[in-house]
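Coordinate inspection notes
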Amino acid sequence: MKRGYADTPEGQIHYMSAGVGEPLLLLHQTGSSRQYRKLMPMLAEHYRIYAPDNLGSGNSDPLPANVQ
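Residues numbered from 1 in each chain as written. Predicted model: local features only at pLDDT ≥ 70, side-chain atom pairs only at ≥ 80, totals over all residues. Heavy atoms only, no water.

**Observations concerning the overall build of the protein chain**
- Helix and strand content of the protein chain: one helix and four strands.
- Along the protein chain, helices (α) and strands (β) appear in the sequence β-β-β-α-β when read from the amino end.
- Expressed as lengths along the three principal axes of its C-alpha atoms, the size of the protein chain is roughly 40 × 20 × 15 Å.
- When each of the 68 residues of the protein chain is scored for burial, the buried share is 29%.
- Counting only contacts in the protein chain whose residues sit at least 6 apart along the sequence, the fraction spanning at least 24 positions is 58%.
- Separation of charge centres in the protein chain, based on 6 positive and 6 negative side chains, amounts to 11 Å. (Helix = DSSP H or I, 4+ residues; strand = E, 2+ residues; numbered from the N terminus. Buried < 20%, exposed > 50% of the residue type's maximum accessible area, 1.4 Å probe, protein only. Contact = heavy atoms within 4.5 Å. Lys, Arg positive; Asp, Glu negative; His and termini not counted. Charge placed at Lys NZ, Arg CZ, Asp CG, Glu CD.)

Shown next, in the form of structure tokens:
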């Protein structure tokens, strides 16, 4: 599994990625992308997996001050 950061106007978003093939985006409702760490290796056998942390969660930057 690889980790990386994507720059956005609101701050950096942390993500994990693994595998090859068609892309599959795993989005979490609350918490962080770490909840997918056991699932990702299984899916990575067939897909290129991306699991980002939302702003304000996980290893992403905090929410901007102007967000309520």
